[in-house]
Amino acid sequence: MPVDYKFLTPEQREFFLEHGWLKIPNAINKKYIDKWLNRLWIRKGWDKEKGPRSWEGEYVKVARHEEVHFSVLAPDAYKACVDLCGGIDRIDPIRNMRQGDHFIINNGSDYWETHDCDSKDVRGWRVLLHTDNDWYRQFLDSSNNALVVIHLFTDVPPRGGGTFLCEDGIAGIEKVFYEHKEGLDSPFVDITTGHIKDCKKFTQVTGKAGDTFILHPHLPHTNGPNHLRTPRIITNPHVTLNEPYNLDRADPSDYSLVESVILKNLDRKSIPEAEYRDPSVPRKAYYPRNFSLRVTDLPDELDRLIAAAKAEGKDKDSIESLWLKEGEELELFQKNFGLDLPHGPNHTIRG
């Protein structure tokens, strides 16, 4: 049935179709910005007042300790995602629907304070290009990652480490996925990066703490250098659908905006599945390939949280951390993050 838009304006829908992303200002519930950031300094053992020059690491990823439903964390961004995906009935109610404090921190470096970088020459386009699909076998219609969400937990000014977006790079990504009927198992950055050097439309994410950016899953993006040495702190969750995209709908009004972007960039009105997917190759979902990188410092984080609780006369049970939970809450976290899935063929060491 035709997509019923309940939140997005016609102008926002047209912008997403043209550019592959949307900005939802002031989307995040400030309660969670304050609460989760206040605990970050304890978790990392960093002195907030001394700033990034005293902290370890230019680009740091941390584990998730707390989570809430997407609709609670950022209600307007959630509504926008529902519209972009074609309605709530198409969205997986469990996988990726809970979002939390798994921060990605760009602290900058001495080098980037004194050196500039053209958006086209960012190293990430060659070795760290993101299409955020390291946890499933990628076909053109794969909807395991149906939207990429970037929540800003700090202000991100120009030159402040915001994510680079390559708007005219979508078509090249679609072409690669269309041509690989056998599917692609991560990592395959060398297959998808060749066309970026010829692209011309680059945008850098900038905004205020609380803003949310929503990206098409095939929009190439990568981390940008932080020249300002003020911490850029984001989270980067996703939206997952119940079924693969349908790129061959009888009624064009049934296409979601995510599907429409794919068709637009391949200059097609519809694409039968037989054109882009070998039916003998099974679809696969895996344990997230890079998750182990996030939990490297988890034991130290827990030790610091326990020590901070004791300093306040509290015990271990007072600490809000999924890693100290048992039973249904822990099981839901594992399913939400895909930690109950088997490793893929190119996995890193399990965390």
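An unreviewed UniProt entry annotates the protein chain as Phytanoyl-CoA dioxygenase of Calocera viscosa.

## Focus on the overall build of the protein chain
Secondary structure summary: the protein chain contains 12 helices and 12 strands in total. Taking 351 residues into account, the globule formula puts the C-alpha radius of gyration at 20 Å, and the protein chain, at 20 Å, falls close to it. Dimensions of the protein chain, computed from C-alpha atoms along their principal axes, come out at roughly 65 × 50 × 40 Å. For the protein chain, with 351 residues in total, the buried portion stands at 52%. Within the protein chain, counting contacts between residues at least 6 apart in sequence, those at least 24 apart form 86% of the total.

## Some words on the sheet that holds strand β7 (residues 164-166)
The antiparallel open sheet is built from 3 strands, whose spatial order is β8-β7-β10. Only two strands of the sheet have a single neighbouring strand rather than two, namely β8 (202-204) and β10 (221-222). The pairing of β7 with β10 spans 2 bridges and is classified as antiparallel. Residue Phe164 lies in a different strand from β10, and its bridge partner there is Thr222.

## Some points on the side chain of Thr154
Its location among the elements puts Thr154 in the loop between β6 (147-152) and β7. On the basis of relative accessibility, which here comes to 14%, the residue Thr154 falls in the buried class. A distance of 2.9 Å separates a polar atom in the side chain of Thr154 from the backbone nitrogen of Ile233. Sequence-distant contacts of Thr154, defined by excluding residues within four places in its chain, comprise Leu37, Lys208, Ala209, Pro231, Arg232 and Ile233.

## Thoughts on the packing of aromatic side chains
Scanning all chains against the criterion turns up 15 aromatic pairs. Ring centres of Tyr32 and Trp36 lie 5.2 Å apart, and the angle between their planes is 50°; this geometry places the pair in the tilted category. Placement of both Tyr32 and Trp36 in helix α2 (residues 30-44) is noted, with a separation of 4 residues, approximately one turn of the helix. Since its relative accessible area comes to 8%, Tyr32 is described here as buried. We classify Trp36 as buried; its relative accessible area is 1%. Taking the centre distance of 4.6 Å and the plane angle of 5° together, the rings of Trp46 and Trp55 count as stacked. This pair shows no difference in class: Trp46 is buried, exactly as Trp55 is. Grouping aromatic residues by their ring pairs yields a cluster made of Tyr287, Phe291, Trp323, Phe333 and Phe337.

Calculation rules
Residues numbered from 1 in each chain as written. Predicted model: local features only at pLDDT ≥ 70, side-chain atom pairs only at ≥ 80, totals over all residues. Heavy atoms only, no water. Helix = DSSP H or I, 4+ residues; strand = E, 2+ residues; numbered from the N terminus. Rg over C-alpha atoms; globule rule 2.2 N^0.38 Å. Buried < 20%, exposed > 50% of the residue type's maximum accessible area, 1.4 Å probe, protein only. Contact = heavy atoms within 4.5 Å. Pairing = 2+ DSSP bridges. Polar contact = N/O pair within 3.5 Å; in protein donor to acceptor, adjacent residues only side chain to side chain. Phe/Tyr/Trp six-rings, centres within 6.5 Å; stacked < 30°, edge-to-face > 60°.

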